[in-house]
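# Report on the structure
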Amino acid sequence: MSNKRVFYFYNPEVGNFHYGPAHPMKPHRLSVIHSLVLNYGLYNKMQIYRPYRASAHDMCRFHHDEYIEFLQRVTPQNLTTYSKYLNHFNVGEDCPVFEGLYDFCSMYTGASLDGAMKLNKNCCDIAINWSGGLHHAKKFEASGFCYVNDIVIAILELLKYHPRVLYIDIDVHHGDGVQEAFYLTDRVMTVSFHKYGNWFFPGTGDMYEIGADLGRYYSVNVPLKEGIDDFSYSQVFKPVIQHVMDLYQPTAIVLQCGADSLNGDRLGCFNLSTKGHGECVKFIKDLNVPLLTVGGGGYTLRNVARCWTYETSLLIDEEISNIIPEHEYRDYFAPDFLLHPEVVTRQDNANSKQYLELIVKHTYDNLKMVQHSPSVQIQNVPGDALPTEEMNAIALDETDPDVRQPQIELDRRVDAANEFYDDDKDQDFDETR
Ligand SMILES: [Zn+2]
């Protein structure tokens, strides 16, 4: 089915943040992708929004308030004042304190949340936020370049309207933060395809992590070895996802499109081409379920830009040229200036046919245990994170994107007793406050 209504969320400031000179995570990639998206003319077939910015209140729907307060206050200048908290919140080397850290979190999280709200209101069929997808962030701490888990917060928003949400993660790293958040529930199924073994970060995600309690069999892990290519990946990805769809029948999907699973990534070790990576995105799009697509890892800048530009074109069903158009960052794509450069294999595919078949079979066996599309009675649907008038008012260039929710609206919100973020009954986030 084509002609999907696609909303693309982009804050022009989000590419201006710097984790530090030697740090592999470069928010600048977001500016490059946006420039490519515009210069390929992709804005014609989707609506571009300057997204809402998440408040501390929004972030605290998942994260602990002390952690969020720390993120709000800490700066490179007052680090010594907060030195005793750095270890506690795992902030330092991998997750450094940089200028504007909280603003950065607020922008990428707000964009995912905005996407979820637009999907809930049936304003669009697909919402895109390449600045989001920070899947490692935990309730109490930063992890793997991630501070606030925009994915968990967006899924909590989707759960107000959707009985079952499917989360799919094609980053080279395990989607541990999202899995952990929903480990005990059957209302979210998490499916992560990732490199596992030899202490590859974050070290979790073996095939025996399947969820617990009500969530038993609702965490699906597909551990892969280095060097996997397009063909092998699709041999695993498509049957597993099709099986999940048939059994779980989600009413919304969140797809984390981490581009560090591409060939030649600075940190990754897979051998996917942009076409092979995009094939997964197209496969999910063609399932015709409301879809939030977010970014994630991706540390060879030019390849991330190629990948997410190409995937934007796939999501709007627009064919684009293999020749990178004239734009301000064109030099990055020298010497070939191609959208789909040749894949230069650095690593042999360590995934044998037998190994891949074994994993698919293991996944099928576990999925047999899934109760056919569990239903939930949603009573007392909590209020939307944003009142509707405000949602309408934040289209790009229209008004102040930094507008916060009036206290009266925050007060009006009622959290349903049977929902996840009800502090007293919350068992999903293994926390004792
Ligand atoms: Zn990653």
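Residues numbered from 1 in each chain as written. Predicted model: local features only at pLDDT ≥ 70, side-chain atom pairs only at ≥ 80, totals over all residues.

As named in an unreviewed UniProt entry, the protein chain is Histone deacetylase, taken from Cinara cedri. Quoted straight from UniProt, the Sequence similarities (unreviewed entry) entry for the protein chain says "Belongs to the histone deacetylase family. HD Type 1 subfamily." (UniProt positions renumbered as here; feature names shortened; annotations may be inferred.)

Moving on: the UniProt feature "binding site: a divalent metal cation" (unreviewed entry) in the protein chain. The positions UniProt marks with the feature "binding site: a divalent metal cation" (unreviewed entry) are Asp171, His173 and Asp260. A stretch of 90 residues holds the annotated residues, and the largest C-alpha distance among them is 8.1 Å, short enough that they meet in one place. Mapped onto the elements, His173 comes out in the loop between β4 (165-169) and α7 (176-181). In this structure, His173 is in contact with Gly144, His194, Phe201, Pro202, Gly258, Asp260 and Gly297, ignoring residues within four places of it in sequence. Structurally, Asp260 can be placed in the loop between β7 (252-256) and α9 (274-285). Note on Asp260: 26 C-beta atoms within 10 Å, which makes it buried. Among residues more than four places away in sequence, those in contact with Asp260 are Asp171, Val172, His173, Asp265, Leu267, Gly268, Gly297, Gly298 and Tyr299. (Helix = DSSP H or I, 4+ residues; strand = E, 2+ residues; numbered from the N terminus. Contact = placed C-beta atoms within 7 Å. Buried ≥ 20, exposed ≤ 12 C-beta atoms within 10 Å, placed from the backbone.)

What follows is about helix α3 (residues 65-73). Of the residues making up α3, those classed as buried are Tyr67, Ile68, Phe70 and Leu71. For α3, the arc enclosing every buried residue in end-on projection is 155°, short of the 170-degree limit, so these residues lie on one face. Set apart from the buried face of α3 by more than 90 degrees, the exposed residues are Asp65, Glu66 and Arg73. Buried residues along α3 sit in contact with α2 (56-59), α4 (83-88) and α5 (101-120). (Arc of directions from axis to C-beta.)

Of all six residues in strand β6 (residues 219-224), six are buried, a share of seventy percent or more. Neither face of β6 is left uncovered, since the one carrying Ser219, Asn221 and Pro223 and the one carrying Val220, Val222 and Leu224 both have all their residues buried. Both strand β5 (residues 188-195) and β6 contribute to a ladder of six bridges, which runs parallel. Residue pairing in the sheet places Phe193 in a bridge with Val222 of β6. (Pairing = 2+ DSSP bridges.)

The next thing to look at is the sheet that holds strand β3 (residues 126-129). Strand order across the open sheet formed by eight strands is β2-β1-β3-β8-β7-β4-β5-β6, with parallel pairing between neighbours. Of all the strands in the sheet, the pair left with one neighbour each is β2 (47-49) and β6. On average, each strand axis in the sheet is inclined to that of its neighbour by 15°, with strand direction left out of account. Contacts between helix α6 (residues 150-158) and the sheet are confined to β4, β5, β7 and β8 (291-294), with β7 contributing the most and set at about 175° to the helix. (Axes fitted to C-alpha atoms, helices over the stretch in contact; angles between N-to-C directions.)

In helix packing, the relevant descriptors are the interaxial angle and the interaxial distance, both defined with respect to the helix axes. The geometry of helix α1 (residues 28-39) relative to helix α10 (residues 301-315) is characterised by a closest axis approach of 9 Å and an angle of 40° between their N-to-C directions. Put simply, α1 runs oblique to α10. Seen from above, α1 lies across α10 with right-handed handedness. Two secondary-structure elements touch here, α1 through Arg29, Val32, Ile33, Leu36 and Val37 and α10 through Leu301, Val304, Ala305, Trp308, Thr309 and Thr312. (Parallel < 35°, antiparallel > 145°, perpendicular 65-115°, else oblique. Left-handed = near helix turned anticlockwise from the far one by under 90°.)

It is worth spelling out the environment of Pro325 at this point. By the element assignment, Pro325 lies in the loop between α10 and α11 (353-367). Owing to 15 C-beta atoms within 10 Å, Pro325 belongs among the partly exposed residues under this scheme. Considered as a pair, Pro325 and Ser35 are 290 residues apart in the sequence and their alpha carbons are 10.0 Å apart. Ignoring anything within four residues of it in the chain, the contact list for Pro325 reads Asn39 and Tyr40.

What follows deals with the pairing of β4. Of all five residues in β4, five are buried, a share of seventy percent or more. Of the two faces of β4, the one lined by Val165, Tyr167 and Asp169 and the one lined by Leu166 and Ile168 are each fully buried. Looking at chain direction, β4 and β5 are connected through five bridges and run parallel. What sits directly across from Val165, in β5, is Val188. Note on the crossover from β4 through α7 to β5: the handedness is right-handed. By the bridge criterion, five bridges tie β4 to β7 in an arrangement that is parallel. Bridge pairing in β7 places Val165 opposite Ala252. (Right-handed = clockwise from strand over helix to strand, strands pointing away.)

Moving on, we get to the nonpolar core. In terms of nonpolar packing, the biggest core is built from 116 residues, with Tyr147, Ile155, Tyr167 and Val254 touching the most fellow members. Ranked by residues supplied to this core, first place goes to α5 with 11 residues. Val254 has contacts with Ile151, Ala154, Ile155, Val165, Tyr167, Leu292 and Val294, leaving out every residue within four places of it along the chain. (Core = buried A, V, L, I, M, F, W, Y, C linked by C-beta atoms within 7 Å.)

Moving on, we get to the packing of α5 against α6. Where α5 contacts α6, the axes come no closer than 8 Å and their chain directions differ by 20°. Relative to α6, the element α5 is oriented roughly parallel. Judged by the twist between their axes, the crossing of α5 over α6 is right-handed. Facing Tyr108, Thr109, Ser112, Leu113, Gly115, Ala116, Met117, Leu119 and Asn120 of α5, the residues of α6 in contact are Asp150, Ile151, Ile153, Ala154, Glu157 and Leu158. Here the contact of α5 with α6 is built from residues that sort into nine nonpolar, four polar and two charged. (Nonpolar A, V, L, I, M, F, W, Y, C, P; charged D, E, K, R; others polar.)

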